[in-house]
Amino acid sequence: MNMSMDEMSIMVYRLVSMVPEGRVCTYSDLARALGKPKAYRLVGKILNRNPNPVVVPCHRVVRSDGRVGGYMHGYEAKRRLLEGEGIRIDGKGMIVDFDSVRFRLDKINR
DNA sequence: CGATTGACCGCTA
DNA sequence: TTAGCGGCCAATC
């Protein structure tokens, strides 16, 4: 299935806004949820255009290796936001207890 | 048209 | 255990 950025964007924003406070999901998870498991780089590109920061918590999207990853307003901002939600991050940018704070999108339908 | 580009991923050495 | 590299997708140059 061919999808435009606009279509993908809608879905990505929808999915991201379902991630609860204090939890995270990965770029790869989002790509999978789109039905395009290998489009994880596009997901980053979409989030970079930052939709509506208030409604869409882009900072809760992290890398699949457990590191924090990039952010439009810089790594520091992202780290503070996550820590403010109770997520702990070590000196190497690794999320502590990554597996337990990870929110599984595949548990959602629609 | 072909080449390059992103808030990345996973496999090799 | 960490570093490097090729690859994937749609847009943009």
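Here the structure is a predicted model, which is why all the values come from computation and not from measurement.

So, how was this worked out
Note on numbering: residues in each chain are counted from 1, in written sequence order. For naming, the first written chain is A and the first written ligand is 1, with later ones following in the order written. With the structure being a predicted model, the display of local features is reserved for residues of pLDDT at least 70 and the display and counting of side-chain atom pairs for 80 or more, all residues being used for whole-chain, interface and lining totals. The basis for the side-chain values is all heavy atoms of the structure; hydrogens and waters are excluded. Helical segments are the DSSP runs of H or I of at least four residues, strand segments are the runs of E of at least two, and each set is numbered from the N terminus. Both definitions apply: the radius of gyration is a C-alpha atom measure, and the globule rule equals 2.2 Å times residues to the power 0.38. Throughout this description, buried means an accessible area under 20% of the type-specific maximum (1.4 Å probe, protein chains only), exposed means over 50%, and partly exposed covers the range between. We call two residues in contact whenever any of their non-hydrogen atoms come within 4.5 Å of each other. Only the protein chains shown count as covering a residue, and every accessible area follows the Shrake-Rupley method with a 1.4 Å probe. Only four residue types enter the charge count, namely Lys and Arg as positive and Asp and Glu as negative; His and the chain termini do not. Each charge is placed at NZ for Lys, CZ for Arg, CG for Asp and CD for Glu. Throughout, near means a residue has at least one heavy atom within 4 Å of the molecule or strand. In protein, a polar contact means a hydrogen-donor-capable atom and an acceptor-capable atom, both N or O and within 3.5 Å, with residues adjacent in sequence counting only if both atoms are side-chain atoms; elsewhere, any N or O pair within 3.5 Å suffices. Residues are grouped as follows: Ala, Val, Leu, Ile, Met, Phe, Trp, Tyr, Cys and Pro are nonpolar; Asp, Glu, Lys and Arg are charged; all remaining types, including Gly, are polar. What a helix should span is 1.5 Å times the count of its residues minus one. The directions considered for the arc are those from the helix axis to the C-beta atoms.

Caption draft 1: Expanded view of the overall build of chain A. Broken down by element type, chain A carries five helices and two strands. Going from N to C terminus, chain A has its helices and strands arranged as α-β-α-α-β-α-α. Relative to the compact-globule value of 13 Å for 110 residues, chain A shows a C-alpha radius of gyration of 13 Å, a close match. Sorting the 110 residues of chain A into buried and exposed places 41% on the buried side. Here the analysis covers contacts within chain A between residues at least 6 apart in sequence; of these, 60% occur between residues at least 24 apart. Roughly 6700 Å² of accessible area belongs to chain A as shown, and the carbon and sulfur atoms make up 49% of that amount. Side chains of chain A carry 20 positive and 12 negative charges; the gap between the two charge centres is 4 Å.

Caption draft 2: Representation of unusual backbone geometry in the model. Despite not being glycine, Asp97 shows a phi value in the positive range, around 55 degrees. Counting through the fold element by element, Asp97 comes out in the loop between α4 (75-84) and α5 (98-101).

Caption draft 3: Spatial organisation of the protein's contact with DNA strand B. Around DNA strand B, the surrounding shell holds 15 residues, and the nearest of these are Tyr27, Arg41, Leu47, Asn48 and Ser64. Taken together, the sugar and phosphate atoms account for 44% of what DNA strand B places within 4 Å of the protein. In the environment of DNA strand B, a base nitrogen lies 2.8 Å from a nitrogen or oxygen atom belonging to the side chain of Tyr27. Contact distances for DNA strand B include 3.0 Å between a phosphate oxygen and a backbone N or O atom of Ser64. Those elements that provide at least two residues to the surface near DNA strand B are α2 (27-33) and α3 (40-48). Class assignment of the residues belonging to the surface near DNA strand B gives a composition of seven nonpolar, five polar and three charged.

Caption draft 4: Quick peek at helix α1 (residues 5-16). Taking 1.5 Å of rise per residue, 12 residues should cover 16 Å, and α1 covers 16 Å from first to last C-alpha, within 8% of that figure. Every buried residue belonging to α1 is among Met8, Ser9, Val12, Tyr13, Leu15 and Val16, and all of these are buried. Down the axis of α1, the buried side of the element spans an arc of 160 degrees, and every buried residue falls inside it. Exposed residues on α1 whose side chains face more than 90 degrees from its buried face are Asp6 and Ile10. In this structure, the buried residues of α1 make contact with α2, α3 and β2 (61-62).

Caption draft 5: Spatial organisation of the environment of Leu105. Among the secondary structure elements, Leu105 is positioned in the segment after α5. Here Leu105 falls in the buried class, since its relative accessible area comes to 6%.

Remember, this is a structural readout, not a statement about activity or role.
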